[in-house]
Amino acid sequence: MLDPERLIQCPLVKHHRIRARRFPYHLVKCKESNPEIAKKLATCPFNARHLVPQADLSDHITKCNDKAFMEQDVGSQSCEPPKEQLNNGSTWQAPPCDEDWETELLEGSESPFVWGVINSAINSTISHRNNSLPSQMRSPETLPYTVSAGLIRSISSSPWNLVLPQQ
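Residues numbered from 1 in each chain as written. Predicted model: local features only at pLDDT ≥ 70, side-chain atom pairs only at ≥ 80, totals over all residues. Heavy atoms only, no water.

Undergrad: Requested: an account of helix α1 (residues 23-33), with residues and values cited.
TA: When α1 is considered as a whole, its buried residues turn out to be Phe23, His26, Leu27 and Cys30. Buried residues of α1, seen end-on, are gathered within an arc of 105 degrees and therefore sit on one face of the element. Along α1, exposed side chains directed more than 90 degrees from the buried face belong to Tyr25, Lys29 and Glu32. Elements in contact with the buried residues of α1: β1 (7-9), β2 (17-19) and β4 (51-53). (Buried < 20%, exposed > 50% of the residue type's maximum accessible area, 1.4 Å probe, protein only. Helix = DSSP H or I, 4+ residues; strand = E, 2+ residues; numbered from the N terminus. Arc of directions from axis to C-beta. Contact = heavy atoms within 4.5 Å.)

Written out as structure tokens, the structure is:
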């Protein structure tokens, strides 16, 4: 592990010397402060702390020390599960699903959903103001937005039959 207190030279401004633990933050700030210099530099795909001249990027990529770490990590990972998992095998099976959304949609009532109203029958509705708020609090009487009549007409003719409460 590298020492977080060691000083590193900034690739943008050579007289900047930054502690290793602060180096990523410094790079961001220094790039913002020196956009002309930052445009001329490219970031290494293996380590974002490596800023090299754009012309030298391909050479840096072939020689970058962090490339070996990436290749080692990628090489050690396998797409197949560990052999212990294959040998043990799982006996778990998903429970049978008894939901049928298409049937529920066809059997469902034709009455639209209205916020704050409970449908006791298809054509009769009861206003439901019961809530779980403490007695010293109350629910708002109006919604925080207004809806134009044209919007209500276009919504009420939509295939979802969405009905907004009257304001």
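Undergrad: I'd like to hear about the confidence of the model for the chain, residue by residue, with values.
TA: Caution is warranted with low-pLDDT regions, since their predicted coordinates should not be read in detail. Mean pLDDT over the chain works out to 75, with 58% of the residues at or above the 70 mark. For the chain, per-element mean pLDDT is lowest for strand β6 (residues 125-127), which scores 42, and highest for β2, which scores 94. Scored below 50 in pLDDT, residues 121-128 makes 13 contacts in the model with residues more than four places away or belonging to other chains. (pLDDT = per-residue confidence, 0-100.)

Undergrad: Could you give me a rundown of the nonpolar core, with the residues and numbers involved?
TA: Ile8, Cys10, Leu12, Val13, Ile18, Ala20, Phe23, Leu27, Cys30, Leu41 and Leu51 form the largest nonpolar core, which has eleven residues in total. If one sorts the elements of this core by residue count, α1 sits on top with three residues. Those residues within four positions of Leu27 in sequence are excluded, and the remaining contacts are Pro11, Leu12, Ala48, Arg49 and Leu51. (Core = buried A, V, L, I, M, F, W, Y, C linked by side-chain atoms within 4.5 Å.)

Undergrad: Kindly report on the side chain of Asp66, identifying the contributing residues and their values.
TA: Tracing the sequence through the fold places Asp66 in helix α4 (residues 65-76). No salt bridge forms around the buried Asp66; measuring N to O, its nearest opposite-charge neighbour Arg49 is 8.2 Å away. (Lys, Arg positive; Asp, Glu negative; His and termini not counted. Salt bridge = Lys/Arg side-chain N within 4 Å of Asp/Glu carboxyl O.)

Undergrad: Which residues make up the environment of Asp66, and what values go with them?
TA: Note on Asp66: relative accessible area 16%, which makes it buried. For Asp66, the side chain forms a polar contact with the side chain of Asn47, separated by 2.5 Å. (Polar contact = N/O pair within 3.5 Å; in protein donor to acceptor, adjacent residues only side chain to side chain.)

Undergrad: Hey, could you go over the state of the cysteines for me, with residue numbers and the actual values?
TA: Enumeration according to the criterion identifies zero disulfides in this entry. Of all cysteine sulfurs in the structure, the one in Cys10 sits closest to Cys30, which takes part in no disulfide; the separation is 3.7 Å. Judged by relative accessible area, which is 3%, Cys30 ranks as buried. Here Cys64 stays free of any disulfide, with the sulfur of Cys44 as its closest cysteine sulfur at 3.7 Å. (Disulfide = S-S within 2.5 Å.)

Undergrad: Account for the pattern of salt bridges, with residues named and values stated.
TA: In the structure shown here, the tally under the stated rule is three salt bridges. Note that Glu5 is salt-bridged to Arg19, the shortest N-O span being 3.4 Å. Separated by 14 residues along the polypeptide, Glu5 in the segment before β1 and Arg19 in strand β2 bring together distant segments of the chain. Between Arg21 and Glu5 there is a salt bridge, with the nearest N and O atoms lying 2.8 Å from each other. Of this pair, Arg21 sits in the loop between β2 and α1 while Glu5 sits in the segment before β1, and the two are 16 residues apart along the sequence. Among the residues examined, Arg21 registers a relative accessible area of 45% and is labelled partly exposed.

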